[in-house]
Amino acid sequence: MTLPRTPKTSFHAVQRIAEFFGGTKAAAPILGVKYRRLHDWTYQETASCPSFAQAIALDIAYRAAGGEGAPLFEAYASHLDLSFNELTACHAALAADLAEASREFGDAWAAATALIVPGHSPNAVQHALIELDQAETLFVRLRRRISSFVRPGTVPGLPGGAQ
């Protein structure tokens, strides 16, 4: 029985290639890979996966034998798209939060500046406090959003994190 593999992963791609050649035992000598290694590459529970050069060789062998597509390339492209889309969505949300916080800060600044004029009303003080509360709420949200850009293992001052 074939175990289910998560689609668009290297494990699923290697399984697809191996099945095309008749299973991991039959595919290993054809693909020039040891059976145990090929078998491990099909299991999500292992940390083992083909290197970049091996992935290209497997996709080439698959296509040369009449297989359709390039399973490992497709898995890589899918992960790249997901990562890029996630990053783009984070930047779009940051831009929206920055715009909203800037607007609220401007409103709070204007309301507080109105208090400089002698003879301001008690309502003007209340209005300034309300605007400051709204700005503060948005700055807290902005702090959370910016903190989400910190990646594990990164070090401040080094582009791309710790090298």
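Above: the structure in question.
A short tour of the structure in this document, coming up.

Description of the packing of aromatic side chains
Piece 1. Evaluation of the coordinates by the stated rule reveals 4 aromatic pairs.
Piece 2. Residues Phe20 and Tyr62 carry aromatic rings whose centres are separated by 4.9 Å and whose planes lie at 65 degrees to one another, so their mutual orientation is edge-to-face. Pair noted here: Phe20 is in helix H1 (residues 10-20) and Tyr62 is in helix H4 (residues 52-64), with a separation of 42 residues, a long-range link.
Piece 3. Since its relative accessible area comes to 36%, Phe20 is described here as partly exposed.
Piece 4. Here Phe105 and Phe139 contribute two aromatic rings whose centre-to-centre distance is 6.3 Å and whose plane-to-plane angle is 80 degrees, an arrangement assigned as edge-to-face. Taken together, the residues span a long stretch of sequence, with Phe105 in helix H5 (residues 71-113) and Phe139 in helix H6 (residues 122-147) at a distance of 34 residues.
Piece 5. On the basis of relative accessible area, Phe105 is assigned to the partly exposed category, the value being 42%.
Piece 6. Three or more aromatic residues link up through ring pairs in this structure, and these residues are Phe20, Phe21 and Tyr62.

Considering the environment of Glu136
Piece 1. As for its position among the elements, Glu136 is in helix H6.
Piece 2. We classify Glu136 as exposed; its relative accessible area is 51%.
Piece 3. When the C-alpha positions of Glu136 and Ala108 are compared, they lie 9.5 Å apart, and in sequence the two are 28 residues distant.

Some words on H4
Residues three or four positions apart in an α-helix share a direction because the helix packs 3.6 residues into each turn.
Piece 1. Helix length check: H4, at 13 residues, gives a terminal C-alpha distance of 18 Å against a target of 18 Å (1.5 Å per residue), a fit within 8%.
Piece 2. Following H4 by one or two positions, Gly66 has its phi on the positive side, about 105 degrees.

Side note on the pattern of salt bridges
Piece 1. What the rule picks out here adds up to 6 salt bridges.
Piece 2. Residues Arg16 and Glu74 are paired through a salt bridge, measuring 3.0 Å at the closest nitrogen-oxygen approach. Highlighted residues: Arg16 in helix H1 and Glu74 in helix H5, separated in sequence by 58 residues.
Piece 3. A salt bridge links Glu104 to Arg103; its shortest N-O distance comes to 3.1 Å.
Piece 4. Here Glu104 falls in the buried class, since its relative accessible area comes to 10%.
Piece 5. Given the relative accessible area of 45%, Arg103 is considered partly exposed.
Piece 6. Salt bridges linked by common partners bring Asp97, Glu100, Arg141 and Arg145 together as one network.

Here we look at the nonpolar core
Piece 1. Ile17, Leu31, Leu38, Leu58 and Leu72 are the most contacted members of the largest nonpolar core, which totals 16 residues.
Piece 2. Those elements that provide at least two residues to this core are H1, helix H2 (24-31), helix H3 (35-41), H4 and H5.
Piece 3. Among all residues touching Leu31, those that are not within four sequence positions of it are Ile17, Phe21, Leu38, Leu58 and Ala61.

Things to note about the layout of surface pockets
Think of a ball as big as a water molecule: rolled over the atoms, this probe shows where empty space is left.
Piece 1. Its volume calculated, the largest pocket comes out at about 300 Å³.
Piece 2. Contributing elements (two or more residues each) for the lining of the largest pocket: H4 and H5.
Piece 3. At 5 residues, H5 tops the list of elements feeding residues into the lining of the largest pocket.
Piece 4. Split into classes, the residues belonging to the lining of the largest pocket amount to 9 nonpolar, 3 polar and 1 charged.

Topic: a nonpolar patch on the surface
Piece 1. A cluster of nonpolar side chains, Phe52, Ile56 and Ile60, forms an exposed patch at the surface whose accessible area comes to about 340 Å².
Piece 2. Mapping Ile56 onto the fold places it in helix H4.
Piece 3. Taking relative accessible area as the criterion, Ile56 reaches 39% and is therefore assigned partly exposed.

So, how was this worked out
Residues numbered from 1 in each chain as written. Predicted model: local features only at pLDDT ≥ 70, side-chain atom pairs only at ≥ 80, totals over all residues. Heavy atoms only, no water. Phe/Tyr/Trp six-rings, centres within 6.5 Å; stacked < 30°, edge-to-face > 60°. Helix = DSSP H or I, 4+ residues; strand = E, 2+ residues; numbered from the N terminus. Buried < 20%, exposed > 50% of the residue type's maximum accessible area, 1.4 Å probe, protein only. Expected span 1.5 Å × (residues − 1). Salt bridge = Lys/Arg side-chain N within 4 Å of Asp/Glu carboxyl O. Core = buried A, V, L, I, M, F, W, Y, C linked by side-chain atoms within 4.5 Å. Contact = heavy atoms within 4.5 Å. 1 Å grid on protein atoms, 1.4 Å probe; cavity = no way out; pocket = protein on both sides within 12 Å on 5 of 7 lines; lining within 4 Å. Points joined across faces, edges and corners; volume = space filled by probe spheres on them. Nonpolar A, V, L, I, M, F, W, Y, C, P; charged D, E, K, R; others polar. Patch = residues over 30% accessible without salt bridge, like charges linked within 9 Å, V, L, I, M, F, W, Y side chains within 5 Å. Areas by Shrake-Rupley, 256 points an atom, 1.4 Å probe, with all protein chains shown as cover.

From the geometry alone we can't say anything about function, so treat these as descriptive.
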